[in-house]
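If you want the building blocks of each chain, they are given just below.
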Amino acid sequence: MIYKSEKEIAKNGSLVPVFTTGRLMHSKYNPQNEAVQFAKAIDKADLFIILGLGGGYHIEAIQNAHPNAKIIVAENSFSDINTLLEIPLVKNLSQSIIFCTKENIAQTILSVYNPLLFERFSVISQRAWAQNYPELDTTFRAIINATLKNVSADYSVQAHFGRHWHRNIIENIKFLSTHSNAPLPLSNGKTAAIIAAGPSLDKSAKKINANRENYFVIATDTAFSALHRRGIYCDVVISIDAQNISYKHFMCIDAKENKRTLFVFDLSSPPSSIRKIAQLGFPIHFTINRHPLSQLASQFFPFMTVESGAGTVTIAAADFARQIGFTQIELFGADFAYSLGKPYTKGTYLDSIYRESEKRIDNTETKYTALMYRTELMAKADGVFTTPILESYKSTMEFFFSQNNFYKVNENTYKAKDSIISKEPCEKFYAKKFPYQEFIHYLLSQTKKSIETNGNSDKNIFNNNCVIAHLPAMAAIKSKQCENNAIFTLLKLAYSATVRYTT
């Protein structure tokens, strides 16, 4: 803790927290007047992160000066926060602001901050707090900066794919109104083999073939065609990419195939892929991610939520295996690096595309080289190279396993620490067909109601979960069509697009 349990009483009768250093956090004469002066020097923002809770006088002053702003207050620990809640003002503020600590500030920012909603962002340290604990102030700011980079990257993806996701989700739930989700498999005592398409699969695929009876094979979509060409049967194939190019992963199969393989698609996957697999007669099961439209759909239908880290299909496959009860997971081709002079294993859809279009001076090898050298490479070992984003994917994978109580057995194998992992009751995920008309009516009517109720004011329109569901589409519209338009205009454009998709 950084505060003493005892409080000082200022000359005007206000309670003032005392640091363990013995210094007061606020003025010992008039904390409120000091706070007002502090707030006057602060520029306007839509979202404030204030480092240092103290007696809350500076927070109240900022709240009064910026009544429409969202405020997150970070403090050293929950023990410190509990001590400070003894001050009446702090207790009152807890009703309107968000408290967090070092342990959960990153998650708090990720759950609250959307650049579309909060264009102006400000991080402020209470002076005495920062002066007494400069290392703590530095730690918080480092976490915040790292988190903002993640938010920025995620928002960039939303701006690029937002409309694709929106349209795909609507089309796929319409498909689900006439096709039930296929039953999910359950763990069977085997090891879940998660197959990615890294170059090392050229060698490790032999191990799968030699020990096929010991593995439950869950392939990523990119690796599927590579396994298919090697004659390796997949129990499950996972696909989460919203791009139409994903259709190419499944061009290697035809109607003569054995229909045992289950294809698991994210609800935002391209409908072209779903139509291809459905026409061939394979079972299909839809899962969802954290997209707000998918989350809204889950209020009408029991979807399994599959985590993918930063959008990595390998992590999605591992999480799927975990949720259906597998306690041992082995990775194949999950290199997160370029080796053997190429980015992928033999047999992916890129091989076919590149070979069909290659010329003498622009052959497959030059195309793969251009793909690898899109960004600067970092050498890891002899002939092995990586990039910052590939390293971040690898770190996210390690975090996923540790967060879900798995430990590392060897370089590629993870085992659950508990002998029995709690798993979702998988039967509930294919109980009925999706109530499409009911959902669309709710989505459109509630969005329209919010638009009409709020007129041309942006205030309070995001109290409606149907409006929140449009945010990624709005980000895409803003980046492509009307960069300077207000949030309300973006919402109306997203609503109009939804009407077009559903009529």
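The notes below deal with the structure included here.

Scoring rules and cut-offs
Residues numbered from 1 in each chain as written. Predicted model: local features only at pLDDT ≥ 70, side-chain atom pairs only at ≥ 80, totals over all residues. Heavy atoms only, no water. Buried < 20%, exposed > 50% of the residue type's maximum accessible area, 1.4 Å probe, protein only. Helix = DSSP H or I, 4+ residues; strand = E, 2+ residues; numbered from the N terminus. Core = buried A, V, L, I, M, F, W, Y, C linked by side-chain atoms within 4.5 Å. Contact = heavy atoms within 4.5 Å. Salt bridge = Lys/Arg side-chain N within 4 Å of Asp/Glu carboxyl O.

## Side note on helix 9 (residues 221-229)
The buried fraction of helix 9 amounts to 7 of the 9 residues, a majority that puts the element mostly inside the structure. Within helix 9, the full set of buried residues consists of Asp221, Thr222, Ala223, Phe224, Ser225, Ala226 and Leu227. Backbone geometry just after helix 9 places Gly231 at a positive phi near 75 degrees.

## Quick look at the nonpolar core
One finds Ile195, Phe434 and Phe439 to be the most contacted residues of the largest nonpolar core, which totals 63 residues. Leave out the neighbours within four places in its chain, and Phe434 touches Ile173, Leu176, Ser177, Ala297, Phe300, Phe301, Phe303 and Phe439. Of all hydrophobic cores here, the second largest spans 47 residues; its members include Ile42, Ala74, Tyr113 and Leu136.

## Looking at the pattern of salt bridges
This structure, assessed with the given rule, holds 10 salt bridges. With its nearest N and O atoms 3.0 Å apart, the salt bridge here joins Lys7 to Glu86. In this pair, Lys7 is assigned in strand 1 (residues 3-9) and Glu86 in the loop between helix 3 (78-84) and helix 4 (88-93), connecting sequence segments 79 residues apart. Under the relative-accessibility criterion, Glu86 is labelled exposed at 55%. Note that Asp137 is salt-bridged to Arg141, the shortest N-O span being 3.3 Å. On the criterion of helical spacing, the pair formed by Asp137 and Arg141 is a turn pair, its members being 4 residues apart in helix 7 (residues 134-176). Among the residues examined, Asp137 registers a relative accessible area of 12% and is labelled buried. What makes Arg141 partly exposed here is its relative accessible area of 31%.

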